[in-house]
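# Geometric and topological summary
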Amino acid sequence: MSQFAIYFELGREHILDIDGYDHILFVIALCAIYLLQDWKKVLILITAFTLGHSITLALSTLEIVNFRSDIIEFLIPCTIFITAFSNILRKQSALTPARFNTNYFFALVFGLIHGLGFSNYLKSILGREDSIVTPLLSFNLGLELGQIIIVAFFMIISFVFVNIFNVARRDWNLIISSAVAGIAITIMLETKFW
């Protein structure tokens, strides 16, 4: 198996690993306000998240930026909570995202924090590599594919509940975002660094 394929698979497996559910929760929080017909907007959203975490993943792996891992592990659930809580506060009219909304901002900026969370994992497996360009690129592309899989699964579930079972879009958003916010609070309490 080529170096590209190995790191691509590591990235995909890392995001889909149920033990890394904090990143899965963040992706769900980002997408909770969207429906299946918004798939292009969701793809842009997920790519913004990948771009954000790719930047800090590269900077951290190259030892240009370095943060205490316990602080990052606390900040990740904070990003999840803020995103989910923002969804809860949305008015009904804002649930049809026609233009730029805060979730694009959250995806890019909070992606920077999530990238620092990925960096410790990637640094531990990159120690033996001469060049990190191919591993970084392929790992991030694997993460992107994993996120697309999560989003596709979530969007299909949303379609079933909203379009087939006729759950109101606002109610669906409140249920998903409240559940994600509640889990994020639990993770924040478990990872507090003080």
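Residues numbered from 1 in each chain as written. Predicted model: local features only at pLDDT ≥ 70, side-chain atom pairs only at ≥ 80, totals over all residues. Heavy atoms only, no water.

## A closer look at the packing of helix 2 (residues 21–31) against helix 3 (residues 39–61)
Relative orientation of the contacting elements helix 2 and helix 3 amounts to 140°, with a least axis distance of 10 Å. With respect to helix 3, the axis of helix 2 lies oblique. Crossing of helix 2 over helix 3 shows right-handed handedness. Taken together, the residues of helix 3 that come into contact with helix 2 (itself represented by Phe26, Val27, Leu30 and Cys31) are Val42, Leu45, Ile46 and Phe49. Counted by class, the contact of helix 2 with helix 3 contains eight nonpolar, no polar and no charged residues. (Axes fitted to C-alpha atoms, helices over the stretch in contact; angles between N-to-C directions. Helix = DSSP H or I, 4+ residues; strand = E, 2+ residues; numbered from the N terminus. Parallel < 35°, antiparallel > 145°, perpendicular 65-115°, else oblique. Left-handed = near helix turned anticlockwise from the far one by under 90°. Contact = heavy atoms within 4.5 Å. Nonpolar A, V, L, I, M, F, W, Y, C, P; charged D, E, K, R; others polar.)

## Notes on a nonpolar patch on the surface
On the surface, a cluster of nonpolar side chains totalling about 490 Å² of accessible area is made up of Leu16, Trp39, Leu43, Leu145, Ile148 and Ile149. Put simply, the parts of the chain that give the nonpolar patch at least two residues each are helix 3 and helix 6 (133–164). No other element matches the three residues that helix 6 contributes to the nonpolar patch. One can find leucine 16 in helix 1 (residues 3–16). (Patch = residues over 30% accessible without salt bridge, like charges linked within 9 Å, V, L, I, M, F, W, Y side chains within 5 Å. Areas by Shrake-Rupley, 256 points an atom, 1.4 Å probe, with all protein chains shown as cover. Salt bridge = Lys/Arg side-chain N within 4 Å of Asp/Glu carboxyl O.)

## A word on the layout of surface pockets
As a volume, the largest pocket reaches approximately 220 Å³. Looking at the largest pocket, it is lined by 15 residues, and the ones nearest its centre are Asp19, Gly20, Asp22, His23 and Glu73. Broken down by secondary-structure element, the contributors of at least two residues to the lining of the largest pocket are helix 2, helix 4 (69–89), helix 5 (102–126) and helix 7 (169–191). Of the residues contributing to the lining of the largest pocket, the split by class is six nonpolar, five polar and four charged. (1 Å grid on protein atoms, 1.4 Å probe; cavity = no way out; pocket = protein on both sides within 12 Å on 5 of 7 lines; lining within 4 Å. Points joined across faces, edges and corners; volume = space filled by probe spheres on them.)

## What to know about the packing of helix 4 against helix 5
The angle between the axes and the distance between the axes are what describe a pair of packed helices. At a minimum axis separation of 9 Å, helix 4 and helix 5 run at an interaxial angle of 160°. Between helix 4 and helix 5, the interaxial angle falls into the category roughly antiparallel. In this structure, helix 4 meets helix 5 at a crossing whose hand is left-handed. Between helix 4 and helix 5, the residues in contact are Ser69, Ile72, Glu73, Leu75, Ile76, Thr79, Ile82, Thr83, Ser86 and Asn87 and Thr102, Asn103, Phe106, Phe110, Ile113, His114, Leu116, Gly117 and Asn120, respectively.

## Details of the side chain of serine 86
Along the chain, the position of serine 86 falls in helix 4. Overall, serine 86 belongs to the buried group, its relative accessible area being 17%. Those residues within four positions of serine 86 in sequence are excluded, and the remaining contacts are Thr102 and Phe106. (Buried < 20%, exposed > 50% of the residue type's maximum accessible area, 1.4 Å probe, protein only.)

## So, the pattern of salt bridges
Applying the stated criterion across every chain, the model contains four salt bridges. The partner of glutamate 9 in a salt bridge is arginine 12, and the shortest N-O contact between them spans 2.2 Å. You can see glutamate 9 and its partner arginine 12 sitting in helix 1, three residues apart, about one turn around the helix. For glutamate 9, a relative accessible area of 26% corresponds to the partly exposed category.

## Comments concerning the packing of aromatic side chains
Applying the stated criterion across every chain, the model contains twelve aromatic pairs. Judged by centre distance (5.0 Å) and plane angle (50°), the ring pair of phenylalanine 26 and phenylalanine 49 falls under tilted. One end of the pair, phenylalanine 26, is in helix 2; the other, phenylalanine 49, is in helix 3, with 23 residues separating them in the sequence. In this structure phenylalanine 26 comes out as buried when scored by relative accessible area, which is 0%. Look at phenylalanine 49 and you get buried, because its relative accessible area is 0%. Measuring from ring centre to ring centre gives 5.1 Å for phenylalanine 74 and tryptophan 194, while their planes differ by 80°; the resulting arrangement is edge-to-face. (Phe/Tyr/Trp six-rings, centres within 6.5 Å; stacked < 30°, edge-to-face > 60°.)

## Describing the nonpolar core
Most often, soluble globular proteins keep nonpolar side chains buried together rather than apart. Membership of the largest hydrophobic core comes to 50 residues, with the highest contact counts inside it found for Leu30, Cys31, Leu122 and Val180. For this core, the secondary structure elements donating two or more residues are helix 1, helix 2, helix 3, helix 4, helix 5, helix 6 and helix 7. Residue contributions to this core peak at ten residues, all from helix 5. Dropping the residues within four chain positions of it, leucine 30 is found in contact with Leu45, Phe49, Thr83, Asn103, Phe106 and Ala107. (Core = buried A, V, L, I, M, F, W, Y, C linked by side-chain atoms within 4.5 Å.)

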